[in-house]
Amino acid sequence: MPPSPAGVAQRPGARLPEIHGLRGLALVLVVLFHLFGGGRVSGGVDVFLVVSGFLVTRSLVRRADDGSLRLGAVWARNAARLAPSALLVLAAVAGGAWLLLPESRWESVWRQVVASALYVENWDLVANELSYGAAGPAASPLQHFWSLSVQGQFLLVWPVLALLVGVLARRARVRVRTVLLPLVALATVASFAYAVHLTAVQQPVAYFHTATRFWELGAGALLGLVPLGVPGRLRALGSWLGLGLVVASGFVLDGGALFPGPWTLWPVAGALLVIAGAGTPSAWGPRGTLALAPLRFLADISYELYLWHWPVLIFLMALTDVSAVGWREAALVLTVSVLLAWLTQRLVARPAARAVPRTLRPRRAVGALAAATAATALVVGPVLALQAELRQQTAQAAAEFGVVDTLHPGASALGTAEIVPAADLRPALDAAQADKGPFFTDDRCVQEHGTGPGLGEALWCDLHAPEHPTATVLLAGGSHTYQWADTFLQIARDNDWRLVLAGKGQCRVKHVPDAEHGCLVWGDNVIELATQLRPDAMVVDGTHTHYDGELEDIPAEQVAAWQLLDQAGVRLIGLRDNPRGGSEPLVRDCLAEHGVTTSLCDVTMSQVFPPVSPVLTTPGVPDSMVHVDLTEWYCRAEEDRCPAVIGNVLVYRDSSHLTNTFLRSMQPMLAEALAAQAPWLFPVEPASRP
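No experiment lies behind these values; they were computed from the predicted model shown.

Trainee: Which parts of the structure should I look at to understand the environment of Val403?
Mentor: Mapped onto the elements of the fold, Val403 is located in the loop between α16 (362-398) and β1 (446-447). Here the alpha-carbon distance between Val403 and Gly37, two residues 366 residues apart in the chain, equals 44 Å. Contacts of Val403, omitting those with residues within four sequence positions, involve Arg426 and Thr661.

Trainee: Looking at this model, I keep getting lost on the side chain of Ser337. Mind explaining?
Mentor: Mapping Ser337 onto the fold places it in helix α15 (residues 327-355). Look at Ser337 and you get buried, because its relative accessible area is 1%. Setting aside its immediate chain neighbours within four residues, Ser337 contacts Leu305, Trp308, His309 and Val312.

Trainee: Could you clarify how one ought to interpret the environment of Arg571 in this entry?
Mentor: Structurally, the position occupied by Arg571 is in the loop between α20 (556-567) and β6 (572-575). For the pair Arg571 and Arg358, spaced 213 residues apart in sequence, the C-alpha to C-alpha distance is 73 Å. Once residues lying within four places of it in the same chain are set aside, the contact partners of Arg571 are Asp536, Ala537, Met538 and Trp680.

Trainee: Before we go on, may I ask you to explain the state of the cysteines in this structure?
Mentor: Two cysteines, two sulfur atoms, one covalent bond between them: this is a disulfide. As enumerated under the stated definition, the model contains four disulfides in all. Bridging Cys445 to Cys461, the disulfide has an S-S length of 2.3 Å. Taken as a pair, Cys445 in the loop between α16 and β1 and Cys461 in strand β2 (residues 461-464) lie far apart in primary sequence, 16 residues in all. Each member of the pair, Cys445 as well as Cys461, carries the same accessibility label: buried. A sulfur-sulfur distance of 2.0 Å marks the disulfide that ties Cys635 to Cys642. With the S-S dihedral at roughly 90°, the linkage between Cys635 and Cys642 falls on the right-handed side. The same class applies to Cys635 as to Cys642, namely buried.

Trainee: Would you take a moment to explain the pattern of salt bridges for this structure?
Mentor: Here the idea is simple: oppositely charged side chains can pair when their charged atoms come close. In this structure the tally under the stated criterion is 17 salt bridges. For Asp405, the salt bridge goes to Arg426, with nearest N and O atoms at 3.1 Å. Here Asp405, found in the loop between α16 and β1, pairs with Arg426, found in the loop between α16 and β1; they are 21 residues apart in sequence, far enough to count as distant. Judged by relative accessible area, Asp405 falls into the partly exposed class, the value being 30%.

Trainee: Would you mind going over the confidence of the model for the chain with me for this structure?
Mentor: Parts of the prediction with low pLDDT should not have their coordinates interpreted in detail. Averaged over all residues, the pLDDT of the chain equals 89, while 94% of them reach at least 70. Per-residue pLDDT stays below 50 along residues 1-14; that stretch engages in 33 contacts with residues further than four places along the chain or on separate chains. Per-residue pLDDT stays below 50 along residues 686-690; that stretch engages in eight contacts with residues further than four places along the chain or on separate chains.

Trainee: Would you explain the nonpolar core in this entry?
Mentor: Grouped together as the largest cluster of nonpolar side chains are 103 residues, with contacts concentrated most on Leu22, Leu90, Val113, Trp158 and Ile275. When residues of this core are assigned to their parent elements, the largest contribution, 13 residues, is made by helix α14 (residues 302-320). Those residues in contact with Val113 that lie beyond four places of it in its chain are Leu90, Val93, Ala94, Leu142, Val379 and Val383. Formed by 62 residues, the second largest nonpolar core is a distinct cluster that contains Cys445, Val608, Cys642 and Ala671.

Trainee: Even after reading the chapter, I still don't get unusual backbone geometry, so can you show me in this structure?
Mentor: The phi torsion of most residues other than glycine is negative, and most of the peptide bonds are trans. Going from Phe259 to Pro260, the amide bond is cis rather than trans, its omega being 5°. Secondary-structure assignment places Pro260 in the loop between α10 (255-258) and α11 (265-276). Put simply, Arg426 and Pro427 share a cis peptide bond, and its omega is -5°. Turning to its location among the elements, Pro427 is positioned in the loop between α16 and β1.

Trainee: Just to check I follow, could you spell out the packing of aromatic side chains for this structure?
Mentor: Aromatic rings considered in pairs are described by the distance between their centres and by the relative angle of their planes. Applying the stated criterion to the full structure yields 13 aromatic pairs. Considering the side-chain rings of Trp146 and Phe208, the 5.9 Å spacing of their centres and the 70° angle between planes classify their relative orientation as edge-to-face. Remark: Phe208 occurs in helix α7 (residues 176-208) and Trp146 occurs in helix α6 (residues 145-172); sequence separation between them is 62 residues. Pair check on accessibility: Trp146 and Phe208 agree, each one buried. Within the aromatic cluster, the residues linked to one another by ring pairs are Trp146, Tyr207 and Phe208. The ring of Trp680 carries Arg571 above its face, with NZ or CZ at 3.7 Å from the centroid. Directly above the aromatic system of Phe440 lies the positively charged group of Arg653, at a separation of 4.5 Å from the ring centroid.

Trainee: Before we go on, may I ask you to explain helix α13 (residues 293-300) in this structure?
Mentor: Given 3.6 residues per helical turn, the α-helix brings residues three or four places apart onto the same face. Every buried residue of α13 is accounted for by Leu295, Leu298 and Ala299. Looking straight down α13, one finds its buried side chains confined to an arc of 100°; they lie on one side. On its buried side, α13 packs onto α1 (17-36), α12 (287-290) and α14.

Trainee: So what exactly am I meant to see when it comes to the packing of α6 against α14 here?
Mentor: Between two packed helices, what matters for the description is the angle formed by their axes and the separation of those axes. One way to put it is that α6 packs onto α14 with a least axis distance of 10 Å and a crossing angle of 135°. With respect to each other, α6 and α14 are oriented oblique. In this structure, α6 uses Phe145, Ser147 and Leu148 to contact α14, whose residues at the interface are Tyr303, Tyr306 and Leu307. Taken together, the residues that form the contact of α6 with α14 break down as five nonpolar, one polar and no charged.

The rules behind these values
Residues numbered from 1 in each chain as written. Predicted model: local features only at pLDDT ≥ 70, side-chain atom pairs only at ≥ 80, totals over all residues. Heavy atoms only, no water. Helix = DSSP H or I, 4+ residues; strand = E, 2+ residues; numbered from the N terminus. Contact = heavy atoms within 4.5 Å. Buried < 20%, exposed > 50% of the residue type's maximum accessible area, 1.4 Å probe, protein only. Disulfide = S-S within 2.5 Å. Salt bridge = Lys/Arg side-chain N within 4 Å of Asp/Glu carboxyl O. pLDDT = per-residue confidence, 0-100. Core = buried A, V, L, I, M, F, W, Y, C linked by side-chain atoms within 4.5 Å. Phe/Tyr/Trp six-rings, centres within 6.5 Å; stacked < 30°, edge-to-face > 60°. Lys NZ or Arg CZ within 6 Å of the ring centre and 35° of its normal. Arc of directions from axis to C-beta. Axes fitted to C-alpha atoms, helices over the stretch in contact; angles between N-to-C directions. Parallel < 35°, antiparallel > 145°, perpendicular 65-115°, else oblique. Nonpolar A, V, L, I, M, F, W, Y, C, P; charged D, E, K, R; others polar.

Below, the structure written as structure tokens:
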């Protein structure tokens, strides 16, 4: 029998020990790096993508060539192979979130359960600006489903392409691979080029993006289409090199920050070399190593173990409230995950696969797909119902956003000795994420984060434009500036200011000569905008706080921008940055676990703010710049803490931003500070303030 196109199989459908063992090895690397990598990735997922592209394409081409390819049968078989185990894990995660995680996290987890069941989890992560991160108590228990979603989308679309190409090839009386090869090559090159571009400008988005990951699947597909014609011994030696590349990838590269850009070629090339060397009779190859019983066992349960290990790890960390696991916890995670994977494979996956044979008549294929749809609905339906109920509760809580009253005085309670009567927290913990004010995501005047065409443009709009303004105030900067927009709006209305907003996510007004990064291009455009508008005051981020352990500072690029604005005659007001609530766990999750009266969730003031404000120690800060410092309304200096709850109002809505309700409670303090520090904005007595 002639060799297959890639020269790696002796007969159709043969299981190659090297490829099967490579799956097991890749899984070991994935699990170990999730346990101990601290956010680094192993390259194991990239290996899975290459292997999938190779095996799926080879199988589809064989069927398309002989005219036996039927979409219904292929989709039904894939659904039977993948859906049962995934749906079981998703149901377990949905229930586990309800039992083990704070209520503030239910909605996001349940949303991701639905997205994962529909194989669009990678797009959900992109839409909600969730970047790949290390395991931790605040991490999503379904973060790992991003790669399964990419493969699921591939398995849905790729058979359609193979079928269409098969029809064209038979009409032209040529082999399917003759038509498919240039199409796959073109798509793979285009995907790789896009991955390089998007990784450079928006790596967190690129990491999950289907179009930036296709080239890895395409690389495997190309290997299944192209005859190698390489001597067996040379391929065997190449397998060892490939094996070394796969194992070394995670230790040498920080894939969480570099992939899927050019450095992803490292694990991809390794996988290709191992696959290319599979099936050779040479004794020089790594077949014996990759066919070891432990690797074969792990390969047999690789899909189920991949599904289970991450949520088991995240739930354990959430229960024990640890940010990293030791050897004992790791052993427990491995034991539980392997046991669950083995049981799932034997009791769920195998029976489902046996019920749907490889060759199906159309009627049976439709029945199998209907069964898979029904099973998906059994998981998705109840979760959607729970989501709807939770969103209704959130909508009711949203009616109280920004409302400050005697039971919910917020910041003012920090400056009085009076005891504020206990009351329900405002906003409620499960609704806090949405308490961001009406302008936080206003696309008229807030530019999205990133570098690319149009993303450096300084979008701006009038939030308040009276016919005869007493002053013009420009609010410009990142989210730590425009989170104040609603509070400034109330002051602008009281004093007949024209209030202009120009923001960009995750950016500040900075200047670096000849810079091309999106934030810096935007910053230069904001400087130009300010010189044209000639506002009476331009409000910017005055300092930059960080998470616990790194002290507040003022970046030199911000000082450079201030100097340009000062030279242009623009009067600056710098808002001292607010303390951040820490990255893990989120303050609201901490409060959900320990209660809203605890001090365990407070931020240690001395770990955020230096003894002397950087305004006084940073060289180059313009003398004319006014600095508004409201730290005394966030923190108790004498107690060295910044409370998570002040006056029955939740301070933080996420890891670094304040709730709009708390910001609104600071309106009198902000107005008073502005009147004292920037009196030219108040030519007459400021309107009475509560």
